[in-house]
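# Commentary on secondary and tertiary structure
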Amino acid sequence: MINFPIMEIEDYLRDILKLNPFEAVIILKQQERQAYSVEMINSKASILSPVTFSRGMDAKQFFQGLHWDQLVNIIQNSNGELNYISVDEDKKRLSFYVQPVSSKEDVYFILIIKQVLQDNTPFSLLTFQDENTGLLNRRALNVRWSEHYRDYKDDKNIALLLIDLDRFKKYNESLGKHNADIMIKKISERFNDLRNEQCELFHYNGDEFILLVRYYLREEVDLIANQIFEKLKDSFFIDGQEYFVTCSIGISTILNDQSRDLETMLLQAEQALFYVKKHGRAHYRFYREEMSHTFQNEVLMESHLRRAIEFNELIIHLQPQIDFETNEIDSFEALIRWNNPKFGFVPPSQFIPLAESSGLIIQIGDWVLEEVCKYQKQWREKGYRPVRVAVNISPKQFKQEQFTEKIKMILEKYEVEPKYIELEITESSMENVDETQKILTNLKALGVYVSVDDFGTGYSSLSYLKKYPIDIIKIDQSFIADLNKDEKNEAIVKAIIALSQNLGMDVIAEGVEELSQEVFLKQHRCKKGQGYLYNKPLPVEEIIEQYLIR
């Protein structure tokens, strides 16, 4: 054992930290026989503990992720040789070199923790920190819960806030992984300001964070949830570009006298988060028991939706579109309906978002397109009046690599003239200008019509229209509903019609239900109208009888 005068020991220990910058170094001070305090650590050692280092803290608390008794044995029997501690979860080992150092009154132990090679492959030290953000990670959450929450009894309640960054996948796709990681780090730095003695922060997953809050009143949790939103209020700058991020929060709570199970709390927070996302995102909700039933129903509904095509549960209805100049109906929009034995008639507003989130929308969208082309072939063979049918194309369908080739193959399979098929895309499909330009150009080369659905509700600028080969603009029904009631809506509708005409595009107004709306649209030379004023979506058989038989 090395002996030092009292005044020199501190300098020596600091020099040890400086001389080992690539390994984790921890200085322990013996308090009692099996009690030690942590006096100094270097930056590499900070990742070894799920708790924040403070000088003099209990070493058992610092090393709570390792086998404490085994570590104590190594310290007390240090002989200048390497010793090893197994890490159960990873089936790996950490090597420890221990050097005792004493001054006149105190005994210190220098722990140098080195990386171990397995099959000549180095692995990182056991870490409780996220590599990118530096925050405590999921592993740290499990350890902290076991040590400090599960069995700890006091008069405070516990809240778990699960924070999910809204649509962050889009940032990953547009920014690339490196810049998306920078964005996550910037967000974590803002969230880190919320930490205090009653509030712990964890980076749970790629775009998810968790706050554990000990509280007396529910209003305290409300305040923290609103502080989270406030942290994201200001924009982020990445490579000189400005970005705004929102988040959704699901909250689960347990009272101070209830049993404390982390898995249950996580599940309840996920169910509350699911509810938030289903109802518009960018807000928070506390878990309620009925949310678990909704969550289970959604999962069950998705499993039924996966078999809907196979079991012939999907059907197509067509809604007519009237030409304001001729008062004739020569085009329709195809709308999907689902009749399930368990759930009955499921409204599109319920199952379409489910299809989008699960990826089933591509399979369902392809089925609709094939069915419409199949109808077109049957109508031609039976001598019915030729009409154009519009098919909704989801953003996921539109962005498929072979999307144009797929359209061409289906048209050829059913020998359909391209001019009788219209593809309705949404504004959200057109975010990437170059990609959109290429796809639309290829589609127009096939000869199909292209329309933009629900125009005015998305992100695109009117100026984008001149760049794209678009035939038709469909004005969203939310603008039509307030015609003759809201001057701003009227101005928007008139501007869309005028600009579209100048660019050589037709305009179809959706949701026309009143005669006064039709009068306004005709007055401003809108091309077509669609809505309950003319007819509701009807089964194909009724469409044939009312509109197609010559």
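Quick caveat, the model's predicted, so the values are computed rather than measured. (Residues numbered from 1 in each chain as written. Predicted model: local features only at pLDDT ≥ 70, side-chain atom pairs only at ≥ 80, totals over all residues. Heavy atoms only, no water.)

The nonpolar side chains of soluble globular proteins are, as a tendency, buried together. Among the nonpolar cores identified, the biggest contains 75 residues, and Trp-379, Leu-443 and Leu-521 are the most heavily contacted of them. Sorting elements by how many residues they give to this core places helix 11 (residues 360-381) first, with 10 residues. Sequence-distant contacts of Leu-521, that is, excluding residues within four places in its chain, are made with Phe-324, Ile-480, Leu-483, Val-493, Ile-497, Ala-509, Val-512 and Cys-526. (Core = buried A, V, L, I, M, F, W, Y, C linked by side-chain atoms within 4.5 Å. Buried < 20%, exposed > 50% of the residue type's maximum accessible area, 1.4 Å probe, protein only. Helix = DSSP H or I, 4+ residues; strand = E, 2+ residues; numbered from the N terminus. Contact = heavy atoms within 4.5 Å.)

Along the chain, the position of Asn-489 falls in helix 16 (residues 487-502). Once residues within four sequence positions are removed from consideration, Asn-489 is found in contact with Ser-478, Phe-479, Asp-482 and Leu-483.

Strand order across the open sheet formed by five strands is 11-12-10-15-16, with mixed pairing between neighbours. Two strands bound the open sheet, and with one partner strand each, they are strand 11 (199-205) and strand 16 (284-286). Taken pair by pair, the neighbouring strands of this sheet meet at an average axis angle of 20°, ignoring direction. Judged from the eight bridges that link them, strand 10 (residues 157-165) and strand 12 (residues 208-215) form a sheet pairing that is antiparallel. The residue of strand 12 that forms the bridge with Leu-162 is Ile-210. (Pairing = 2+ DSSP bridges. Axes fitted to C-alpha atoms, helices over the stretch in contact; angles between N-to-C directions.)

Our next topic: the packing of helix 10 (residues 348-358) against helix 11. Helix packing geometry: the angle between the two helix axes and the distance between the axes. Their axes nearest at 5 Å, the elements helix 10 and helix 11 cross at an angle of 120°. Each of Ile-352, Ala-355, Glu-356 and Ser-358 in helix 10 lies in contact with helix 11, whose residues at this interface are Leu-360, Ile-361 and Ile-364. Of the residues belonging to the contact of helix 10 with helix 11, the class tally is five nonpolar, one polar and one charged. (Nonpolar A, V, L, I, M, F, W, Y, C, P; charged D, E, K, R; others polar.)

The next point concerns the layout of surface pockets. The computed volume of the second largest pocket comes to approximately 380 Å³. Every residue lining the second largest pocket is counted, 18 residues in all, and those nearest its centre are Val-51, Arg-144, Asn-196, Glu-197 and Glu-200. Considering only residue class, the lining of the second largest pocket consists of eight nonpolar, five polar and five charged. (1 Å grid on protein atoms, 1.4 Å probe; cavity = no way out; pocket = protein on both sides within 12 Å on 5 of 7 lines; lining within 4 Å. Points joined across faces, edges and corners; volume = space filled by probe spheres on them.)

A complete count under the given rule lists 13 aromatic pairs for this structure. An aromatic cluster is defined as three or more aromatic residues linked by ring pairs; in this entry it consists of Tyr-36, Trp-68 and Phe-109. A cation over an aromatic ring shows up here: Arg-190 above the ring of Phe-236, its NZ or CZ 3.7 Å from the ring centre. When the ring centre of Phe-286 is taken as origin, the NZ or CZ atom of Arg-218, which lies over that ring, is 3.7 Å away. (Phe/Tyr/Trp six-rings, centres within 6.5 Å; stacked < 30°, edge-to-face > 60°. Lys NZ or Arg CZ within 6 Å of the ring centre and 35° of its normal.)

Applying the stated criterion across every chain, the model contains one cavity of 30 Å³ or more. In this structure, the largest cavity occupies an estimated 30 Å³ of space. Considering the residues around the largest cavity, the lining is formed by Leu-305, Arg-306, Ile-309, Leu-360, Gln-363 and Ile-364. Looking at the lining of the largest cavity element by element, the count peaks at three residues for helix 11. Looking at side-chain class alone, the lining of the largest cavity contains four nonpolar, one polar and one charged residues.

Our focus in this paragraph is a nonpolar patch on the surface. On the surface, Leu-515, Val-519 and Leu-533 cluster together into a nonpolar patch covering about 260 Å² of accessible area. As for its position among the elements, Val-519 is in helix 17 (residues 515-523). (Patch = residues over 30% accessible without salt bridge, like charges linked within 9 Å, V, L, I, M, F, W, Y side chains within 5 Å. Areas by Shrake-Rupley, 256 points an atom, 1.4 Å probe, with all protein chains shown as cover. Salt bridge = Lys/Arg side-chain N within 4 Å of Asp/Glu carboxyl O.)

It is a general feature of regular strands that their side chains alternate between the two faces of the sheet. Most of strand 3 (residues 35-41) is tucked away, with six of its seven residues classed as buried. Alignment of strand 2 (residues 24-32) against strand 3, held across six bridges, turns out to be antiparallel. Looking at strand 3, one finds that Lys-29 is bridged to Ser-37. The hairpin turn running from strand 2 into strand 3, its antiparallel successor, is two residues long. With two bridges connecting them, strand 3 and strand 4 (residues 57-58) associate as antiparallel partners. For Ser-37, the partnering residue across the bridge sits in strand 4 and is Asp-58.

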